[in-house]
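# Chain and residue survey
Below, each chain spelled out in residue letters.
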Amino acid sequence: MTNPSEPAGPPTLPPPSVPTGPRLHSRDSLIGADGLPTWTRLEIFHGLPSKTLENLRDAMTSVVFTPGERIITQDDTGDDMFVLEQGSVKVSVRGTNKTTVFERVLTAPALFGEMALVTSEPRSASVTAETRARCLRLGKEAFSELMRRNPQASVFLTKIVGERL
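Note that this is a predicted model, so its numbers are computed, not measured.

### Notes on the environment of S50
As for its position among the elements, S50 is in helix 1 (residues 50-59). Overall, S50 belongs to the exposed group, its relative accessible area being 59%. Taking the C-alpha atoms as reference, S50 lies 9.6 Å from T40; in sequence the two are ten residues apart.

In structure tokens, the structure reads:
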């Protein structure tokens, strides 16, 4: 029998809800409800076989940027492509007189810096984290190795060049 002057014990909490949004995969990719990494929904990756996407994911490394942190600097030489998995980044282009001529905020999932895998040209824009930005980074060396091991990944490269031209 319980004493009415004593508390009845801890309150009963409802069971935790099942998450419906993206979740973190053991290989550092956010996974959607369909079981695929959220970045695979980007048009540039459509049509790639699942094995190619898996190899691409394995070639990338996870990196997190804090708000205000510079990821890419215009006019610098770069050799990394980034897949934005969470958060947002600001893309800015300066004119010759150092004024901003273009600015756009990208929200996840998004791709940026991809031309560095194709050319050795200086970066055409600066990219800064607007919020905490979780990215997957693919360097030129890892991409070259991916192409050597999985030639079907060249479809991705062809799409990149085609979009930019």
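Let's pick the thread back up.
### Some details on the confidence of the model for the chain
Per-residue confidence for the chain averages 79 on the pLDDT scale, and 75% of its residues sit at or above 70. pLDDT under 50 marks residues 6-28. Its contacts with residues more than four places away, or in other chains, come to 22 contacts.

### Some details on the environment of G47
Mapped onto the elements of the fold, G47 is located in the loop between strand 2 (30-31) and helix 1. Take G47: its relative accessible area is 76%, and that puts it in the exposed class. Taking the C-alpha atoms as reference points, G47 and V155, separated by 108 residues in sequence, lie 8.7 Å from one another.

### Here we look at the nonpolar core
Ranked by size, the top nonpolar core spans 19 residues in total, and within it W39, F45, M60, V83 and L138 carry the most contacts. Elements supplying a minimum of two residues to this core: helix 1, strand 5 (80-86), strand 10 (133-139) and helix 2 (140-149). Discounting chain neighbours no more than four positions away, the residues touching V83 are W39, F45, M60, A110, L111, R134, C135 and L136.

What counts, and where the lines are drawn
Residues numbered from 1 in each chain as written. Predicted model: local features only at pLDDT ≥ 70, side-chain atom pairs only at ≥ 80, totals over all residues. Heavy atoms only, no water. Helix = DSSP H or I, 4+ residues; strand = E, 2+ residues; numbered from the N terminus. Buried < 20%, exposed > 50% of the residue type's maximum accessible area, 1.4 Å probe, protein only. pLDDT = per-residue confidence, 0-100. Contact = heavy atoms within 4.5 Å. Core = buried A, V, L, I, M, F, W, Y, C linked by side-chain atoms within 4.5 Å.

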